[in-house]
Amino acid sequence: MKSDIAGGGYFYDLAPHQFDLLQDFFGIITHAKGYSSNRSGLYKAEDTIGACFMFDNGIVGSGSWCFAAQESAKEDRIELIGDKGLICFSVFQNEPIRLHLPKGVEEFDIKHPLHVQQPIIKAVVETLQGKQDTQCTSLSATPTNWVLDKILGKI
């Protein structure tokens, strides 16, 4: 990966989708701090990141990304831990959503659409054709980009 061409590496490619979901669930992230390094040396961008963040409602979260991990150690998982249980799910893999409660674990197998990008591509095309206004603007992307930049110490 050439960060001068591709941007900021895999973190900037993948983490925005995760942070978009989390901010949709819990509100805007107002504080973020991170640590990063390039452990593999395969490209210039950071490949290992640890972060802590806080939403505007006081909920705190943390995350870690290691794009230099051995294949058997790779995992795509978000865990939401609360006082009544735990929900865990994958953003990029077709894994069941798991709800962990005192009475046991329930699984919800919701398959990704065949062409997962189709709705956004359709929306962009229809915006360009003047059929609709897009909801995905540079302004709507700003909170997520701010979080990424704060975590990597760019701002």
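Above this text is the structure in question.
Residues numbered from 1 in each chain as written. Predicted model: local features only at pLDDT ≥ 70, side-chain atom pairs only at ≥ 80, totals over all residues. Heavy atoms only, no water.

## Some thoughts on the sheet that holds strand S7 (residues 104-108)
Then, number 1: The four strands lie next to each other as S4-S5-S6-S7, forming an open sheet whose pairing is antiparallel. Unpaired on one side and paired on the other, strand S4 (78-82) and S7 mark the two borders of the sheet. Each strand axis lies, on average, 15 degrees off the axis of its neighbour in the sheet, ignoring direction.
Then, number 2: Sitting on the sheet, helix H2 (residues 10-26) touches S4 and strand S5 (85-89), and the angle it makes with S4 is about 25 degrees. (Pairing = 2+ DSSP bridges. Helix = DSSP H or I, 4+ residues; strand = E, 2+ residues; numbered from the N terminus. Axes fitted to C-alpha atoms, helices over the stretch in contact; angles between N-to-C directions. Contact = heavy atoms within 4.5 Å.)

## Concerning the pairing of strand S2 (residues 48-55)
Then, number 1: Burial along S2 is one-sided: the face carrying Ile 49, Ala 51, Phe 53 and Phe 55 is buried and the face carrying Thr 48, Gly 50, Cys 52 and Met 54 is not.
Then, number 2: Where strand S1 (residues 29-37) meets S2, eight bridges bridge the pair, whose relative direction is antiparallel. Looking at S2, one finds that Ser 37 is bridged to Thr 48.
Then, number 3: Two strands pair when backbone bridges link them, and S2 and strand S3 (residues 60-66) are joined in this way by seven bridges, in the antiparallel orientation. In the strand pairing of S3, Cys 52 is matched with Ser 62.
Then, number 4: Hairpin remark: S2 followed by S3, antiparallel, with four residues in the connecting loop; positive phi at Gly 58, about 95 degrees. (Buried < 20%, exposed > 50% of the residue type's maximum accessible area, 1.4 Å probe, protein only.)

## Quick look at the sheet that holds S1
Then, number 1: Spatially, three strands are ordered S1-S2-S3 in an open sheet, and the strand pairing comes out antiparallel. Both outer strands of the open sheet, S1 and S3, are each paired with one neighbouring strand and no more. This sheet shows a mean twist of 15 degrees between the axes of neighbouring strands, independent of strand direction.
Then, number 2: Where H2 meets the sheet, its contacts fall on S1, S2 and S3, and the angle it forms with S2 comes to roughly 20 degrees.
Then, number 3: Lying on the sheet, helix H4 (residues 138-151) is in contact with S1 and S2; it crosses S1 at an angle near 40 degrees.

From the geometry alone we can't say anything about function, so treat these as descriptive.
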